[in-house]
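# Fold and geometry: a report
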Amino acid sequence: MDKQQLLASLPSVDEILKSGEGLEWQKAYPRRYVLRAIREVIDESRRAILKDDLKEISVKDMLVDIRGHIELLSAFSLKPVINATGIVIHTNLGRSVMSEEIMENVKRVACGYSNLEYELEEGKRGKRYSHIRKLLNEITGAESSLIVNNNAAAVFVCLTALAKGREVIVSRGELVEIGGSFRIPDVMSSSGALLKEVGATNKTHLRDYERAISENTALLLKVHQSNYRIVGFSESVPINELAALGMKHGIPVMFDLGSGSLVDLKPYGIQIEPTVQEIIKAGADIVTFSGDKLLGGPQGGVIVGKSELIENIVKNPLMRAVRIDKLTLSAFEAVLMCYLDEDKAKGSIPTLEMLLQRHMDIKERAKRIASRLKKEVSRIPGDVAEIDVIEDSSQAGGGSLPEIEFKTYAVAINPLRISVNTLEERLRQGNPPIIARIKSDALIIDARTVRNSEIDALVKGILNAL
Ligand SMILES: *Cc1c(COP(=O)(O)O)cnc(C)c1O
């Protein structure tokens, strides 16, 4: 056939639409994507004919191509991935994982009407914050509480409400950037508060704060250094001393805790600063922390502290712009319920569960993944990969426990037919995507963050990639 004949024998859009496949696709996928995919594949074939790259038309091949195009076009963009990095609170991978139990509550509330802002007893308008206030007060020991969109919003709204046009005293060692362009000096200036820096980068003393106090001081602010540390010749003022100073001068003390844990992790060998409860006890007037870091809940910014200050914050017009939605609120309520019983929290909140896993359980899972993989790989003729279980270390992530390395177990895969970079790339682009890291020519699958329910898909994905 010459080019003209080939071009003339290409099926038309209409013919494909009316074919068995065409009709099936129109039922299963958005029509606009079906049309676009058909046009694209016909155009590609036409161009290939003109370039002499296509000598024979196979409608069957075209249909396979079209289906591929349609599936790509209509795939979800935001989708589950398998986190094999071992980093439990991975900001790029969505931070904390929700349990089925928590999502059950979200479903109950979200799939119908709710008393989100309605007081059932009085039959009048209510406040959305009331639903979690009692729980948060109960768990943290604070007088009052609030949840907003995220911790960045919490810090911002607190500064605006409590310190606009007035001074906030902060240590120079705590003027940090957290990532995603959240920088304390910038947040301060956009909130309208005036930053008053004290001390030096490595050392700030109580007297530095005290000397800086004036009639125009609205707040003493302590900021968690998040994923950054000053080590060596350094000193900062502990929250109880700062709180005492604030009390002496009648100035509220705020602590942006960032991660903030509601359970004591020290018995598990996880040395972090005090829990939220301990910080409240130490006298902090306002404490803010993320919902989706160590707390293990959905994205949110928790504000706990003195009633009088919380009332001031609630009244600020910015609250409307940073308010929490009902899905998040219902997830929070379910997560906080778990915290009423600390053991339940540790066992049923995935973030805590993954952080507190026993070494032998992680090792067991790594061995299970490795043996499944070895078995599958052995069915392929010739050598494909070397697979071993190794001891390694992983991190908490999310700027939560920066200096702490957790002992973990991983499956190290040494691919023999492709490069380790190709393997990493194929896994990342697979379905579901598998996110792993490379360490000295091996691909590391950290068993800490792989859920048992994901092992089948993980093994299949790796096998395909190899
Ligand atoms: C993570 C963090 C924030 C920002 O919290 P988001 O919930 O991500 O908005 C603010 N301050 C500190 C100290 C943090 O660690």
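What you see is a predicted model, and the numbers here were worked out from it, not measured in a lab. Throughout this description, residue numbers start from 1 for each chain and increase along the sequence as written. Given that the model is predicted, a residue must reach a pLDDT of at least 70 before its local features are reported, and side-chain atom pairs must reach 80 or more before they are shown or counted; all residues, however, enter totals for whole chains, interfaces and linings. Side-chain metrics rest on all non-hydrogen atoms present in the structure, leaving aside hydrogens and water.

Attention shifts here to empty space enclosed by the protein. Here a cavity is any set of points on a 1 Å grid over the protein atoms alone where a 1.4 Å probe fits but cannot get out, and a pocket is any open set with protein on both sides within 12 Å along at least 5 of 7 lines; a residue lines the site when it has an atom within 4 Å of a point. Grid points are joined across faces, edges and corners, and a volume is the space filled by probe spheres set on the points. Going through the model one piece at a time under the given rule, you end up with 1 cavity of 30 Å³ or more. Of the pockets and cavities examined, the largest cavity occupies roughly 60 Å³. Within the lining of the largest cavity, the residues separate by chemical class into 4 nonpolar, 5 polar and 1 charged. Gly falls in the polar group here, along with every residue not listed as nonpolar (Ala, Val, Leu, Ile, Met, Phe, Trp, Tyr, Cys, Pro) or charged (Asp, Glu, Lys, Arg).

Here we come to the pairing of strand 12 (residues 406-415). It is a general feature of regular strands that their side chains alternate between the two faces of the sheet. Here strand 12 lies mainly inside the structure; 8 of its 10 residues are buried. Here, a strand pair is defined by DSSP locating no fewer than two bridges between the strands. Under the scheme used here, helices are H or I runs from DSSP no shorter than 4 residues and strands are E runs no shorter than 2 residues, and both carry numbers assigned from the N terminus. In this sheet, strand 12 lies alongside strand 11 (residues 385-394) in antiparallel orientation, the contact comprising 10 bridges. Across the sheet, residue isoleucine 390 finds its bridge partner in strand 12, namely alanine 410. As defined by bridge partners, strand 12 adjoins strand 15 (residues 442-446) across 4 bridges and the pair is classed as antiparallel. Each residue of the ladder has a partner; that of isoleucine 413, found in strand 15, is leucine 443. Whether a residue is buried, partly exposed or exposed follows from its accessible area with a 1.4 Å probe, protein chains only, as a fraction of its type maximum: under 20%, in between, or over 50%, in that order.

This brings us to the domain arrangement of the chain. For the domains described, the bounds stem from an automatic or database domain assignment. Here the chain is partitioned into domain 1 (3-74), domain 2 (82-90 + 356-465) and domain 3 (100-348). Just the C-alpha atoms count here: the centres of domain 1 and domain 3 sit 56 Å apart.

Attention shifts here to the packing of helix 6 (residues 100-110) against helix 15 (residues 326-339). For helices, the axis comes from a line fit to the C-alpha atoms of the stretch in contact; other axes are also lines fit to C-alpha atoms, and the angle between any two N-to-C directions lies between 0 and 180 degrees. Two elements in contact, helix 6 and helix 15, have axes whose closest approach is 8 Å; the angle formed by their N-to-C orientations is 140 degrees. Judged on the interaxial angle alone, helix 15 and helix 6 are oblique. Of the two elements, helix 6 crosses helix 15, and the hand of that crossing is right-handed. Residues Ile102, Asn105, Val106, Val109 and Ala110 of helix 6 form the contact with helix 15, whose participating residues are Lys326, Leu327, Ser330, Ala331, Ala334 and Val335. Any angle between 65 and 115 degrees counts as roughly perpendicular, while under 35 counts as roughly parallel, over 145 as roughly antiparallel, and the rest as oblique. Crossing handedness: left-handed means the near helix sits turned counterclockwise from the far one by under a right angle, and right-handed means the same turn made clockwise. Working rule for contacts: check all heavy atoms of both residues, and any pair within 4.5 Å makes them a contact.

Below, the discussion takes up a negative patch on the surface. A contiguous patch of negative charge, built from Glu40, Glu44, Asp61 and Asp65, is present on the exposed surface. By the secondary structure assignment, glutamate 44 is in helix 4 (residues 31-50). Exposure remark for glutamate 44: the relative accessible area of 34% places this residue in the partly exposed category. Exposure above 30% relative accessible area and the absence of a salt bridge qualify a residue for a patch, where like charges join within 9 Å and nonpolar side chains (Val, Leu, Ile, Met, Phe, Trp, Tyr) within 5 Å. Where accessible areas are quoted, they stem from the Shrake-Rupley method and a 1.4 Å probe; at the residue level, only the protein chains shown are allowed to cover. In the sections that follow, a salt bridge refers to a side-chain nitrogen of Lys or Arg positioned within 4 Å of a carboxyl oxygen of Asp or Glu. Just so you know, the count uses Lys and Arg for positive and Asp and Glu for negative, and it drops His and the chain ends. Every charge is mapped onto a representative atom, which is NZ of Lys, CZ of Arg, CG of Asp or CD of Glu.

Our next topic: the sheet that holds strand 5 (residues 167-171). If you walk across this open sheet you meet the 7 strands as 4-10-9-8-7-5-6, and the pairing is mixed. For this open sheet the edge positions go to strand 4 (144-148) and strand 6 (194-198), each flanked by a neighbour on one side alone. Strand-to-strand twist of the sheet, defined as the mean angle between neighbouring strand axes without regard to direction, takes the value 20 degrees. Taken together, the 5 bridges between strand 5 and strand 6 define a ladder with parallel strand orientation.

A large share of strand 15 lies buried, amounting to 5 of its 5 residues. Where burial is concerned, the two faces of strand 15 agree: the one with Ala442, Ile444 and Asp446 and the one with Leu443 and Ile445 are both buried. By the bridge criterion, 3 bridges tie strand 14 (residues 437-439) to strand 15 in an arrangement that is antiparallel. Bridge assignment links lysine 439 to a residue of strand 15, and that residue is alanine 442. If you look at the hairpin formed by strand 14 and strand 15, you'll find 2 residues sitting between the two strands, and serine 440 has a positive phi there, around 35 degrees.

Definition of nearness: a residue and a molecule or strand are near each other if at least one heavy atom of the residue lies within 4 Å of the molecule or strand. As a matter of local geometry, the ligand sits amid Arg95, Asn150, Asn151, Ala152, Ile178, Phe182, His224, Ser226, Asp256, Gly258, Ser290 and Lys293. Side-chain atoms alone can form a polar contact between residues adjacent in sequence; in general such a contact is a pair of N or O atoms within 3.5 Å, and within protein one must be able to donate a hydrogen while the other accepts it. At a separation of 2.9 Å, an oxygen atom of the ligand approaches a polar backbone atom of alanine 152. Between an oxygen atom of the ligand and a side-chain N or O atom of serine 290, the distance comes to 2.7 Å. For the ligand, the protein covers 93% of the area, taking 380 Å² as the surface of the free molecule. At the level of secondary structure, the elements contributing two or more residues to the shell around the ligand comprise helix 8 (151-163) and strand 8 (253-258).

The next thing to look at is the pattern of salt bridges. What the rule picks out here adds up to 29 salt bridges. Residues lysine 306 and aspartate 285 are paired through a salt bridge, measuring 2.8 Å at the closest nitrogen-oxygen approach. Here the residue lysine 306 occupies a position in the loop between strand 10 (301-305) and helix 13 (307-315), and aspartate 285 occupies one in the loop between helix 12 (276-281) and strand 9 (286-290), the gap between them amounting to 21 residues. According to the relative accessible area criterion, aspartate 285 is buried, its value standing at 12%. Aspartate 361 is paired through a salt bridge with arginine 358; the nearest N and O atoms lie 3.1 Å apart. Three or more residues are tied together by salt bridges with common partners; here these are Glu117, Arg125, Arg128 and Arg323.

Let us now look at the environment of isoleucine 380. Note that isoleucine 380 resides in the loop between helix 18 (359-378) and strand 11. Looking at isoleucine 380, the relative accessible area reads 28%, which means it is partly exposed. For isoleucine 380 and isoleucine 89, which are 291 residues apart along the polypeptide, the C-alpha to C-alpha distance reads 36 Å. With residues near it in sequence (within four places) discarded, isoleucine 380 still touches Arg417 and Leu463.

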